[in-house]
Amino acid sequence: MSRHLRFAPEILARLGEELVPHPDLGVMELVRNAYDADATTCTIRLLEADQAGGTLIVEDDGTGMNEDSIYDSFLLLGRSAKTSSPITPGGRQKVGEKGLGRLAALRLGAHVELETRPANTPGRAHLLIIDWTKYDSVHAVEDVPLIVVNKTTSEPPGTRVTISQLREPFAEADVKRMARSVLLLTGPFPENSPFQAIFVSDEFDKLLADTSRAYLDQADFRLFAEIDPEGYAKATLYDWRGEILHEAGHDIVSLNRKRGGRDVHLPFELAPRASLELWMFLKGGKSLSPLKNSPDRERVWPWLEVVGGVHLIHRGLRVTPYGDPGSDWLELNARRTGSPEERPSTRTAVGRVVVDDDTQILQPKTDRTGFVETPAFVDLKEFAIRATDWAAAVRLKDAEVRRRQQVPKTRTRMKTAEDELRKTVRTLPPRYREIVERQVNTYRGETQQHVKAVERDLRLYRTLSTLGTSTAVFAHEVLGPASRLTRMVRALGQLIGNKVGQEAYDSVFDEPMSRIGRSLDTVQAFANLSLEMVKKRKRDSADVDIDAVCREVVKLFSPYLNERNISVQTEFDSHSMRVRSTVAEIEAIWANLLTNSAHALLRQDMPDRAREILIRTQYGEASVVLTVDDSGPGIRDMPIDEIWSPGRTSRTDGTGLGLTIVRDVVEELKGKNLAFETGELGGARIMVRLPAHPARTTDTPLGASS
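These figures come from a predicted structure and were not determined experimentally.

S.K.: Quick question: what am I supposed to make of unusual backbone geometry here?
M.R.: Residues other than glycine predominantly adopt negative phi, and peptide bonds predominantly adopt the trans conformation. Of note, the amide linkage connecting T320 to P321 takes the cis form, showing an omega dihedral of 10 degrees. Of note, P321 is situated in the loop between β15 (317-318) and α9 (332-338). At R315, a position not held by glycine, the phi torsion is positive, near 60 degrees. On the secondary structure map, R315 appears in the loop between β14 (309-314) and β15. Even without glycine at this site, E331 takes up a positive phi of about 60 degrees.

S.K.: What am I meant to see in the nonpolar core here?
M.R.: A general feature of soluble globular proteins is that nonpolar side chains tend to end up buried together. Judged by nonpolar contacts, the single largest core of 60 residues is most densely connected at I44, L56, I163, F195, F199, F281 and V350. Core analysis: the next-biggest nonpolar cluster, separate from the first, contains 44 residues, W590, L593, V628 and M638 among them.

S.K.: How do you make sense of the packing of aromatic side chains when you look at a structure like this?
M.R.: The relative placement of two aromatic rings is captured by the distance of their centres and the angle of their planes. Enumeration according to the criterion identifies 13 aromatic pairs in this entry. Summarising the aromatic geometry, the rings of Y505 and F509 are spaced 6.2 Å apart at their centres and angled 20 degrees between planes, so their arrangement reads as stacked. Of the two residues, Y505 and F509 both sit in helix α12 (residues 502-533), four residues apart, roughly one turn of that helix. Aromatic ring contacts, followed pair by pair, group Y215, F281, W301 and W303 into a single cluster.

S.K.: Can you help me understand the sheet that holds strand β24 (residues 693-694) in this one?
M.R.: What links the strands of a sheet is backbone hydrogen bonding, and the strands pair in either a parallel or an antiparallel sense. In spatial order, the strands read β17-β19-β24; together these three strands make up an open sheet with antiparallel pairing. Strands at the two margins of the open sheet, each flanked by one partner only, are β17 (541-544) and β24. Pairing of β17 with strand β19 (residues 577-582) involves four bridges; the strand directions are antiparallel. Counted as the bridge partner of S541 is T582 from β19.

S.K.: For this particular structure, what's the right way to read the sheet that holds β15?
M.R.: What the seven strands build is an open sheet, ordered β10-β9-β8-β13-β16-β14-β15; its pairing is mixed. Here the strands that pair on one side only, and so sit at the sheet edges, are β10 (244-248) and β15. For strand β9 (residues 233-239) and β10, the ladder comprises four bridges, and the chain directions are antiparallel. Following the sheet pairing, Y238 is matched in β10 by I244.

S.K.: Would you take a moment to explain the pattern of salt bridges for this structure?
M.R.: Any two side chains of opposite charge can pair, so long as their charged atoms come close to each other. Using the criterion set out here, one finds 28 salt bridges in the structure. Note that E115 is salt-bridged to K151, the shortest N-O span being 3.2 Å. Separated by 36 residues along the polypeptide, E115 in strand β3 (residues 109-117) and K151 in strand β5 (residues 148-152) bring together distant segments of the chain. E115 gets classed as buried once you look at its relative accessible area, which sits at 6%. Across the salt bridge formed by R222 and E277, the nearest N and O atoms sit 2.6 Å from each other. With a gap of 55 residues between them, R222 in strand β8 (residues 221-227) and E277 in strand β13 (residues 274-280) connect regions that are remote in the sequence. Residue R222 is classed as partly exposed on the basis of its relative accessible area of 23%. For E277, a relative accessible area of 13% corresponds to the buried category. Connected through salt bridges with shared partners, the residues R45, E59, E115, R117, K151, E155 and R160 form a single ionic network.

S.K.: Help me out: how do you make sense of the packing of helix α14 (residues 583-601) against helix α15 (residues 658-668) in this one?
M.R.: How two helices sit against one another is set out by the angle between their axes and by the gap between those axes. Their axes nearest at 9 Å, the elements α14 and α15 cross at an angle of 145 degrees. Crossing hand, α14 versus α15: left-handed. When α14 is examined against α15, the residues E585, A588, I589, N592, L593 and N596 are found in contact with a partner set consisting of G658, L659, I661, V662, V665, V666 and E668. Its residues assigned to classes, the contact of α14 with α15 comprises eight nonpolar, three polar and two charged.

S.K.: How do you make sense of a nonpolar patch on the surface when you look at a structure like this?
M.R.: Taken together, Y71, I147 and V149 make up a surface patch of nonpolar side chains, about 270 Å² in accessible area. You can see V149 is positioned in strand β5. Classification of V149 by relative accessible area gives partly exposed; the value is 45%.

S.K.: Looking at this structure, how should I read helix α5 (residues 172-183)?
M.R.: Here α5 contains twelve residues, and its C-alpha end-to-end distance of 16 Å stays within 8% of the 16 Å for a straight helix at 1.5 Å per residue. Looking at α5, one finds that the buried residues are D174, V175, M178, A179, R180, S181, V182 and L183.

S.K.: Explain helix α2 (residues 23-36) here, please?
M.R.: What sets the pattern is the α-helix's 3.6 residues per turn: residues three or four places apart point alike. Here α2 is 14 residues long and its end C-alpha atoms lie 20 Å apart, about the 20 Å a rise of 1.5 Å per residue gives. Buried residues dominate α2, accounting for twelve of its 14 residues. Burial in α2 covers these residues: D24, L25, G26, V27, M28, E29, L30, V31, R32, A34, Y35 and D36. Backbone geometry just downstream of α2 places D38 in the positive-phi region, at approximately 60 degrees.

S.K.: How do you make sense of the packing of α2 against α5 when you look at a structure like this?
M.R.: Where α2 contacts α5, the two axes come as close as 9 Å, and the packing angle between them is 35 degrees. Between α2 and α5 the crossing geometry is right-handed. The segment α2 lies against α5, with P23, D24, V27 and M28 engaging D174, R177, M178, S181 and V182.

S.K.: So what exactly am I meant to see when it comes to the pairing of strand β20 (residues 612-619) here?
M.R.: As a general feature of sheets, a regular strand has side chains that alternate between the two faces. Both strand β18 (residues 567-571) and β20 contribute to a ladder of five bridges, which runs parallel. Bridging from a neighbouring strand, Q569 pairs with L614 of β20. The pairing of β20 with strand β21 (residues 623-630) spans seven bridges and is antiparallel. Paired with Q618 across the strands is V625, a residue of β21. Where β20 hands over to β21, the hairpin turn is made up of three residues, counted between the paired strands.

What counts and what doesn't
- Throughout, residues of each chain are indexed from 1 in the direction in which the sequence is written.
- The model is predicted, so local features are restricted to residues of pLDDT at least 70 and side-chain atom pairs to those at 80 or more, both for listing and for counting; the totals for chains, interfaces and linings are taken over all residues.
- Note: side-chain values were computed over all heavy atoms of the structure, leaving out hydrogens and water.
- Strands are runs of DSSP state E lasting at least two residues, helices are runs of H or I lasting at least four, and both sets are numbered from the N terminus onward.
- Take the buried Ala, Val, Leu, Ile, Met, Phe, Trp, Tyr and Cys residues and link them wherever side-chain atoms come within 4.5 Å; each set so joined is a nonpolar core.
- Exposure is judged per residue with a 1.4 Å probe applied to protein chains only, and the accessible area is read against the type maximum: over 50% gives exposed, under 20% gives buried, and values in between give partly exposed.
- Whether two aromatic rings pair depends on their centres lying within 6.5 Å, for rings of Phe, Tyr and Trp, where Trp uses its six-membered ring; planes under 30 degrees apart make the pair stacked, over 60 edge-to-face, and the rest tilted.
- If DSSP finds at least two bridges between two strands, the strands pair.
- Salt bridges are defined as contacts in which a side-chain nitrogen from Lys or Arg sits within 4 Å of a carboxyl oxygen from Asp or Glu.
- Geometry is summarised by axes, namely lines fitted to C-alpha atoms with helices restricted to the contacting stretch, and by angles between N-to-C directions that run from 0 to 180 degrees.
- Crossing handedness is read from the near helix: turned anticlockwise from the far helix by less than a right angle, it gives a left-handed crossing, and turned clockwise, a right-handed one.
- We call two residues contacting when some pair of their heavy atoms lies within 4.5 Å.
- Think of it as three bins: nonpolar holds Ala, Val, Leu, Ile, Met, Phe, Trp, Tyr, Cys and Pro, charged holds Asp, Glu, Lys and Arg, and polar takes everything else, Gly as well.
- Note that patches include only residues with greater than 30% relative accessible area and no salt bridge, and the join distances are 9 Å for like charges and 5 Å for nonpolar side chains (Val, Leu, Ile, Met, Phe, Trp, Tyr).
- Reported accessibility uses the Shrake-Rupley method at a 1.4 Å probe radius. Residues are deemed covered only where the shown protein chains occlude them.
- In this scheme, a helix's expected span is set at 1.5 Å multiplied by one less than its residue total.

Right under this line is the structure:
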């Protein structure tokens, strides 16, 4: 007797609902089946699905299936229909895969009814019913017979799948995700698709209203790039008029491609033929387009909230999750963090990578969440990243040219305007001329003072930039030697102990060796501090938890403070509030206040008392107050309001920039800073008030280590 491989009913759950993470992915596989059936429309309906026991209906107007297709295709799992016939009778490239996503959708409910009406036999329909409860009492899947019933019908060709007695309700997040997936299935682009998916729901209607128009004509820049069948790339950057700004061939687009640690210009030969199109928008007054003040311009941003990002269009349909929130597969946001000027983000750009993939190079993941990271997919992704890098580089170069030209142009225009003004004044009657000239001279003097102040600030921050760059380089270089010295000191201590004995070592060598060790720990701590504070991700605007940032800063400073017997106490009471800022800015406040207090505690006129720093945060209705007290000598030898000025310091070797940085950051955040000669611990007290808002319950606190 011959035997066959059999499967327990539990395999249905393993291959279905457990393999596909979200219900919308399974439903979208049914929609893809409709696309493969040459349908023009596919409609999804949820009936009372916000609770268990509801119904899901997916219906299309495609060519339908005959009885053999139901048995050999619909009910045959694990084999792709593309293998035998990759092109549909209507000329579409098939997109359905293996049937596992379809199984996940069918398993959403306890009862499934398939009715299909093949186009080649008008008036006939085939009905298949699957009762999943019957599988609970059998040993093998094949023990439950499935029968296709034939009947007559007056309905046109098409297929309707009704999944009833839903096991789980469709949560609001599931409905929103499905609405977006259906809406963007053919992409947010102006071309008319021969296929349309409709999700009958309020959420879909709202998204449809928000995206009823594509605002691509409002874009400031458009990038188009493509790779030919041999893998050679080219790219073109257009301005808002559609005029070419820059063009590049493969040697330029692939300029930063690395292989074996060196730049190479090899073709992206493993990737399928593809094109990239990216529309980029500039916010506020940065836009170069005269359309920037049009009413439509303000509608761009909510539209981008829905459609923003780079979508992957494979064989005519969008592939999840590329372009979804949180799926920045071309690293736009990460690269913008490192070089924010002239780079797009998923909130300021929308684009598509279009791949026909005639030869089926890309391999879909089994759970239907994108493609397997094969060398072919990696090459495709690298092509798109290199093209966006090139566009950012030439935009930055153009912006730098405009910036450098702006200064002399502005000076010329100011001189021309002043000459015209004085010429006009000379035409006034004598009794008015003197009054106007006096006002003009006063205004001119105030303007010159303002320009000088701006130039001083510019010089100050150039100094700080140089300091930061030099410190980062020093930190990189010092970490290696400091680590080696630490290991050498430990080995030397063990060697001395072995030579002189533990008792002699403890009485003579332990203290100096410990001091050396602590000093090396401090050097490493400051090197790590410098590298930690210049991380690129910390310069992104976010809702910042200032308590979390303070904890990290104190932790980074602790070796330095411990070696100098400085204790730090913290009393945090703002954990429920967030400050809209960047981690880098809040770190700058904490680090400079902490450094300022530490230096005060090491002054020669330090009173005879313990070296202490007390840090507090307190929140109000719409603000957070940061307070730093120390037990030092207090603010002496200068007026209290001058401590914020650049260059003002009580240290002979100090820069006088720390509190100036605090002042400027606080002013930028629309806050307020105060200083008191003495505070709770007898030394100086510095207070900073910042605007804040309550944290949302869904927020992940963003602090220094995030």
